[in-house]
Amino acid sequence: MSFIGFELISTRAWTVLPGHTFSMCILWNKKKISSSIGRDIYHESGMILPEKRIAATGRIHHLSENTINRFEPLQTASCKLISRPESPLADLKIELLVPNKGIMEPIERTTALYLWQKENNLTKRTVLYLDPQSIQRTPPNQFYMDLSFIITKV
């Protein structure tokens, strides 16, 4: 059995404010995989440093005074790997919802995606740098990231 998950990683410092919510899910052959839905809710303001997680698939995580370790850089929890669908993959996208306010620069210039794969107890991370051509933005706060170019590798 194979498992996959995704994490949105900062490549520059990101400011988050109370109420900022990020939601990510996997679209496999144009169908949303419900177990892949991830939501990250920031209840505290802070700075997410480069190479730290902003959002991830497969779980809900609240970042508040009670869940933030002030001795470590701010980031959300790791993705939860989900079972990869059995159907052959023809189309792979990530749906990302971001806060309405606070995203100043194009997302492909300030983030990367980590693809996590697990098969036969071997876990592998692949860094995916986003191509502006592969991102469709639906104003005001929704993105579809077409990852079909990695289909042969998933």
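Above this text you will find the structure in question.
Rules of the game
- Residues numbered from 1 in each chain as written.
- Predicted model: local features only at pLDDT ≥ 70, side-chain atom pairs only at ≥ 80, totals over all residues.
- Heavy atoms only, no water.
- Salt bridge = Lys/Arg side-chain N within 4 Å of Asp/Glu carboxyl O.
- Helix = DSSP H or I, 4+ residues; strand = E, 2+ residues; numbered from the N terminus.
- Buried < 20%, exposed > 50% of the residue type's maximum accessible area, 1.4 Å probe, protein only.

Draft legend 1. The arrangement of the pattern of salt bridges in detail. Evaluation of the coordinates by the stated rule reveals 4 salt bridges. Its salt-bridge partner being Lys 32, residue Glu 95 comes within 3.1 Å of it at the nearest N-O pair. Here Lys 32 lies in strand S4 (residues 31–32) and Glu 95 lies in strand S10 (residues 92–97), a separation of 63 residues in the sequence. Relative accessible area serves as the criterion here: at 8%, Glu 95 is assigned to the buried category. Among the residues examined, Lys 32 registers a relative accessible area of 46% and is labelled partly exposed. Note that Asp 91 and Lys 93 form a salt bridge whose closest N and O atoms lie 3.2 Å from each other. Note on accessibility: Asp 91 and Lys 93 belong to one class, buried. By sharing partners, the salt bridges in this structure join Lys 30, Asp 91 and Lys 93 into a single network.

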